[in-house]
Amino acid sequence: MAALWLSLREARRKELPVYSPPGMLPLALFLAYVFCQAIPLPPLLLHLLSPHTWKLYSETVWVVRPGVWMPVSLAPRATLAEFLRVAGYGAFFLLTVQLLVDRKTLKKIPVFLALFGGGFAFVGILQFLLPNDRILWIVRDWPARTSHHFGTYVNGNHYAGLMEMILPVVLAMFLSAQPEYSYHSLREKIAEFFNHPRANTHILLGFSAILISTSIFLSLSRGGIFSILIALLALGFLAMKHGKDRKKGRQLVLFMVAMLLAVGFLGWGPIFDRFEGIRTSGGEIADQRLDYWEDSRDVIQDFPLFGTGFGTFAHIYPRYQSVYTHGLMVDHAHNDYIELLVEGGIAGTGLVVWFLFAVVSASYRKFSKRRNRTSIYLFLGGLAGLLSILFHSVTDFNLHIGANGLYFFFLLGLVASAAASRSPKSRRKTNLSVMLARRLSRTFVLLGVTALIGGVFYGGAALSAVCMRSFDRLDSLSQTEPKNITAALEQGKLARNLDPLSPQVPFILADLSLAVEDRAQALEYLTAALRLDPTNGEVAQKLGLLLELWGEEEKGKRLLWSGVENNASNPELRKVYASWLFSHGHWEEGLGQVRTAMTWDPRRSRDYLTLLALYGFDAESIDSALPPLCQAQIAFGDYLLDLGFDSRGERTYRRAIPFCTEGESPSTAPFWHLKKFYFDRGRTEEALQAIQQGIELFPRDPGFRREAGFLYERLGVTYRAIEEYRKSLLLDPGKGWVRKRLEILTEGGG
């Protein structure tokens, strides 16, 4: 943005023309729309524009601050960040057009992209072949839970998204740069090829295209692979329809053969495994994207016109979430179109469609009159790249990745510039219209204001983060000296002034205020945090508990419940609400919350059983609250054994068997618990029966075979022990201790 501002200032100073690309009006309206989403509105107007937004505020913020003005966006800080991000993209789009009106610069673009894309792909391929779990081998370890990284991208899908936009441009110019032959024999053609002035460029572009396309396959991005194949087909069709030489299709076929051979040389196995992972062993689709899309449909129905605010998907999705994600936050819909509808509504989506249509349609009309080879193939490559990423956006959120979004707008600028470029003999550089002086002045001022807002926003956030570091040095607040807490409060107040839209700062300040027993100030801070992030369940529940201390029990209960409602998949918030219900005598309602919490996170069932025990529930009552899930039943069996109820624990383990062995993810857990139960009590034959029952249901589980061999050995049935040990080694040959036991038993038998 700063570069564009400086460029426009220089153009004004030297009285150089500034060109206006197509789509500027819808882009400006879209930016204004995003900015307006973050502006507070009176409740009546908000009710007219977005009834469900009004309803959500009435359940949260307006419980403690009735009638306070609130924005359409559920997270104004996130929306302002999105405004600045898209404004930066728009500035890059406009700057790209100003630079590429020069034909010399336009011709250099394919070579630059070939060098960058080919080099980046080469590094990614090397890392694929020689991994060491560090970024670029030396920088630092990859973040946790990033098993699908590629190149320097944490997610291989996003790497593929960038490269699938670069490849069509490089490949199109490879077709354009093919030397023309005047001889007929193969020997003469080869000699002429290497003497041709375009030969070096042709080889560079072709080699780079092979590297880029191969790396897309090796990134294991299913969406990327499909998208690049569609882009290649589109490029071939466009080249045959609009290219100056319709025989280019033959070269494209040869390129695809070379690409597939290169991938085959490096190995198709991981790619096939990746595609096989689409479905489970039962034939059902394993990807959770479909669940995200299904849940997002409900959000779109509730916020149809103006959405929830750009950048707020992660804030609104937990309210509608129906699938458990093991504690991981779902911050994107994995479909850019669905996410656009969720955050921008029909109005925002319409503006985006208008912008893209305006750029492509106006550029295509100009392109149809072009005769220059470079302009034609640059336009076709850029158009194919746009098509590729737009197709990939059906299954991912590539356009929310900074580098990918920036390159997408660069590609739009390239398409507009290539379509409007004129012959070198022409006095005019381009067919794009020159921006009028008044419009240029307005653009100059708006850019300056936007850059200033961005500087204040990001600069304040960075300085606020520095101030917040003092909180990291604090130990447990109960063990921290009052003077240190007071100093931290002062730092926090400064951090809040620097980053007034951050909900995190007032939330931490509330904790510090409670540590010095300033409940009134803590109430103000928590209210401020809730205004900035009304769907944050932790903030709402802490505020609800504090209100109860002030005698506002009804308001407290409403906020405690809103915390659960806005974060349906968070079992910890249900646990807090259940504790409050139990403490106020709402036993049945509390049991229902505990049951739902165990359903969402059965791995923590023991924690919820402990909570029930603390509130005096007996085993019968707890049993009635258990959901029909494997881990919950097993945890209850363990709980009963700890209380000394052996027979009930045994029955519970057996009752868990159908819950554990049926469904998409069968578990062997009940058989191992039964085996341990019997073995610890000296009932070896019954332990063996439990393992044999497990073998019947899981015949290829080597662990069961090893355990059966061990139990047979304890019972003195040597020949059966040998038999089971041998079967286990067939399934898992790597267990050395099994081989040793087998050798001892066979030698003893001999």
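Shown above is the structure to which this text applies.
Now for a look at the structure at hand. (Residues numbered from 1 in each chain as written. Predicted model: local features only at pLDDT ≥ 70, side-chain atom pairs only at ≥ 80, totals over all residues. Heavy atoms only, no water.)

A closer look at a nonpolar patch on the surface
Note the threshold: Patch membership is restricted to residues that have no salt bridge and whose relative accessible area is over 30%. Joining uses 9 Å for like charges and 5 Å for the nonpolar side chains Val, Leu, Ile, Met, Phe, Trp and Tyr. Using the Shrake-Rupley algorithm and a 1.4 Å probe, accessible areas are obtained, with residue cover drawn only from the displayed protein chains. For this document, the term salt bridge refers to a Lys or Arg side-chain nitrogen within 4 Å of an Asp or Glu carboxyl oxygen. We count a stretch as a helix when DSSP gives it H or I for four or more residues in a row; a strand needs E for two or more, and each element gets its number in order from the N terminus. With a 1.4 Å probe rolled over the protein chains alone, any residue whose accessible area is under 20% of its type maximum counts as buried; one over 50% counts as exposed, and the rest are partly exposed.
Taken together, the side chains of Leu25, Leu29 and Trp354 define a hydrophobic patch exposed on the protein surface, amounting to about 290 Å² of accessible area. Here Leu25 is to be found in helix α2 (residues 24-37). Take Leu25: its relative accessible area is 52%, and that puts it in the exposed class.

Some details on the packing of aromatic side chains
Going by this rule: Here the aromatic set is Phe, Tyr and Trp, taking the six-membered ring for Trp, and pairing holds for ring centres within 6.5 Å; pairs whose planes are under 30 degrees apart are stacked, those over 60 apart are edge-to-face, and all others are tilted.
Summed over the entire model, instances satisfying the criterion amount to 38 aromatic pairs. Ring geometry for Phe116 and Phe120: centres 5.6 Å apart, planes at 15°, overall stacked. One end of the pair is Phe116 and the other is Phe120, both in helix α7 (residues 103-129) and four residues apart, which spans about a single turn. You can call Phe120 buried: its relative accessible area is 16%. When the ring of Tyr407 is compared with that of Phe410, the centres are 5.4 Å apart and the planes differ by 40°; the resulting orientation is tilted. Of this pair, Tyr407 and Phe410 are both found in helix α18 (residues 402-420), three residues apart, which corresponds to roughly one turn of the helix. On the basis of relative accessible area, Phe410 is assigned to the buried category, the value being 12%. Chaining the aromatic ring pairs together yields one cluster made of Phe112, Phe116, Phe120, Phe128, Phe150, Tyr153 and Tyr159.

Topic: the pattern of salt bridges
On inspection of all chains with the given rule, the structure shows 26 salt bridges. A salt bridge links Lys55 to Glu59, with the shortest nitrogen-to-oxygen separation between them at 2.6 Å. Taken as a pair, Lys55 and Glu59 lie in helix α4 (residues 51-59) at a separation of four residues, close to a single helical turn. The shortest N-O distance in the salt bridge between Arg77 and Asp499 comes to 2.8 Å. In this pair, Arg77 sits in helix α6 (residues 76-100) while Asp499 sits in the loop between α20 (482-498) and α21 (504-515), placing the two residues 422 residues apart along the sequence. The structure contains a network of salt bridges with shared partners spanning Arg705, Arg720, Glu723, Glu724 and Lys727.

Points about unusual backbone geometry
Its identity as a non-glycine residue notwithstanding, His334 has a phi of 60°, on the positive side. Of note, His334 is situated in the loop between α15 (313-320) and α16 (336-367). Judged by its relative accessible area of 18%, His334 falls in the buried class. Phi is positive for Glu517, close to 60°, though the residue is something other than glycine.

Details of the environment of Gly67
Worth spelling out the cut-off: Note on contacts: a residue pair qualifies if any of its non-hydrogen atoms lie within 4.5 Å across the two residues.
With respect to the helices and strands, Gly67 occurs in the loop between α5 (61-64) and α6. Each C-alpha atom of the pair Gly67 and Pro43 lies 6.2 Å from the other, and the pair is 24 residues apart in sequence. In contact with Gly67, other than residues within four places in its own chain, are Pro43 and Trp62.

Thoughts on helix α27 (residues 605-614)
Formally: Relevant arc is that of directions from the helix axis to the C-beta atoms, nothing else.
If you check which residues of α27 are buried, you get Ser605, Tyr608, Leu609, Leu611 and Leu612. An end-on view of α27 places all buried positions within 155° of arc, on one side of the element. Those residues of α27 that are buried lie in contact with α25 (571-583), α26 (587-600), α28 (619-625) and α29 (630-642).

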